[in-house]
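Single-letter residue listing:
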Amino acid sequence: MINTDWKKFIITFFITASLFATGIYFSNYLSNRKINQIRDMQDKISIDILSSETRFTLLKQLSCEDLSGDSILSDELASVGTRLEFLESKLGATNGDVLGFKKYYSILEIKDYILMNEMSARCKLMPHFILYFYSNNSDCAKCEKEGMVLSALREKYPKLRIYSFDYNLDLSSVRALISIYKIKNSMPAMVINGQVFYDYKSVEDIEKMIPDLLKAETGDKVINSSKTSIK
């Protein structure tokens, strides 16, 4: 009887140990796979940032009438933004790899913002910009709701350029934006066409702040017909 109990114990022990080892193996495998995916994404974004500079240099060779009012990096931004949301949902907003990925995305956003401002000044474009600052900390209960509002606005007005930044992100270029617009640590905050607004704003509120938004979306071409080159 005792020998039988020992045999059962040993068999149970080895089965449990095997299951435990298998679980650790698959957990490590999935973790390494996620890390490799994140590194691949980071490498791609680094290339995108360098590519954007080259692309803008090439745009200088074109006349303004050959340019569209679309965001220069719109495809990359949309793709990277989707992947960032996925990583945050899987690994959490405070995960080190997610924060690193968010820095790349923020740099890409700022680069696009700078390029679009340059195009607007040189080619007489009339875009509307919203710089949205949020916090993933517990001190911003309205940030998630505001993000949904801005997503709805972006869908309603495809030409509206919305750039979102984590206020607490340790990135010098984001800190520079915060300093330039003198944004207080009171989230959510938005810079709309150069003016700073705080607290939650509905779709209707923002539409009132940009009364000519619909006109810019459906009206005349935003690019002047002159042949002034971008330099």
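Values in this document were obtained by computation on a predicted structure and should not be read as measured data.

Caption draft 1: Geometry of the packing of aromatic side chains. A full pass over the atoms with the stated rule returns five aromatic pairs. Relative to phenylalanine 129, the ring of tyrosine 113 has its centre 5.3 Å away and its plane inclined at 90 degrees; by these criteria the two rings are edge-to-face. In this pair, tyrosine 113 is assigned in helix H3 (residues 96-123) and phenylalanine 129 in strand S1 (residues 129-134), connecting sequence segments 16 residues apart. No difference in accessibility class separates tyrosine 113 from phenylalanine 129, as the two residues are buried. For the ring pair phenylalanine 129 and tyrosine 163, a centre distance of 6.4 Å and an interplane angle of 25 degrees mean the geometry is stacked.

Caption draft 2: Region of interest: helix H5 (residues 172-180). All buried positions along H5 are accounted for by Val174, Leu177 and Ile178. For H5, the buried positions fall inside an angular range of 100 degrees around the axis, keeping them on one side. Turned more than 90 degrees off the buried face of H5, the exposed positions are Ser172, Ser179 and Ile180. Tucked into the core, H5 has its buried residues touching H3, S1 and strand S2 (161-166).

Caption draft 3: Spatial organisation of the state of the cysteines. All chains considered together, the criterion is met by one disulfide. Note on cysteine connectivity: cysteine 140 is disulfide-linked to cysteine 143, with sulfurs 1.6 Å apart. Across the S-S bond of cysteine 140 and cysteine 143 the torsion is about 85 degrees, and the bridge reads as right-handed. In this structure, cysteine 140 and cysteine 143 share a single accessibility class: buried.

Caption draft 4: Here's a closer look at the sheet that holds S2. Ordered in space as S2-S1-S3-S4, the four strands form an open sheet in which the pairing is mixed. Edge strands, defined here as strands with exactly one partner in the open sheet, are S2 and strand S4 (195-198). Strand-to-strand twist of the sheet, defined as the mean angle between neighbouring strand axes without regard to direction, takes the value 20 degrees. With four bridges connecting them, strand S3 (residues 189-192) and S4 associate as antiparallel partners. By the bridge assignment, isoleucine 192 is partnered in S4 with glutamine 195. Running over the sheet, H3 touches S1 and S2 and is turned about 145 degrees from S2. Against the sheet, helix H4 (residues 143-156) contacts S1, S2 and S3, and its axis sits at roughly 160 degrees relative to S1.

Caption draft 5: Examining the packing of H3 against H5 more closely. Interaxial distance between H3 and H5 falls to 9 Å at its minimum, and their mutual angle equals 50 degrees. Considering their axes alone, H3 and H5 lie oblique with respect to each other. Of H5, the residues touching H3 (which contributes Ser106, Ile107, Ile110 and Tyr113) are Ser173, Val174 and Leu177. Classifying every residue of the contact of H3 with H5 by side-chain character gives five nonpolar, two polar and no charged.

Caption draft 6: Representation of H4. Here H4 is 14 residues long and its end C-alpha atoms lie 20 Å apart, about the 20 Å a rise of 1.5 Å per residue gives. For H4, the full list of buried residues reads Cys143, Glu146, Val149, Leu150 and Leu153. Buried residues of H4 fall within an arc of 115 degrees about the axis and therefore sit on the same side. Exposed side chains of H4 directed beyond 90 degrees from the buried face belong to Glu144, Met148 and Glu155. Against S1, S2, S3 and helix H6 (203-209) lie the buried residues of H4.

Thresholds, definitions, all that
- Residues numbered from 1 in each chain as written.
- Predicted model: local features only at pLDDT ≥ 70, side-chain atom pairs only at ≥ 80, totals over all residues.
- Heavy atoms only, no water.
- Phe/Tyr/Trp six-rings, centres within 6.5 Å; stacked < 30°, edge-to-face > 60°.
- Helix = DSSP H or I, 4+ residues; strand = E, 2+ residues; numbered from the N terminus.
- Buried < 20%, exposed > 50% of the residue type's maximum accessible area, 1.4 Å probe, protein only.
- Arc of directions from axis to C-beta.
- Contact = heavy atoms within 4.5 Å.
- Disulfide = S-S within 2.5 Å.
- Pairing = 2+ DSSP bridges.
- Axes fitted to C-alpha atoms, helices over the stretch in contact; angles between N-to-C directions.
- Parallel < 35°, antiparallel > 145°, perpendicular 65-115°, else oblique.
- Nonpolar A, V, L, I, M, F, W, Y, C, P; charged D, E, K, R; others polar.
- Expected span 1.5 Å × (residues − 1).

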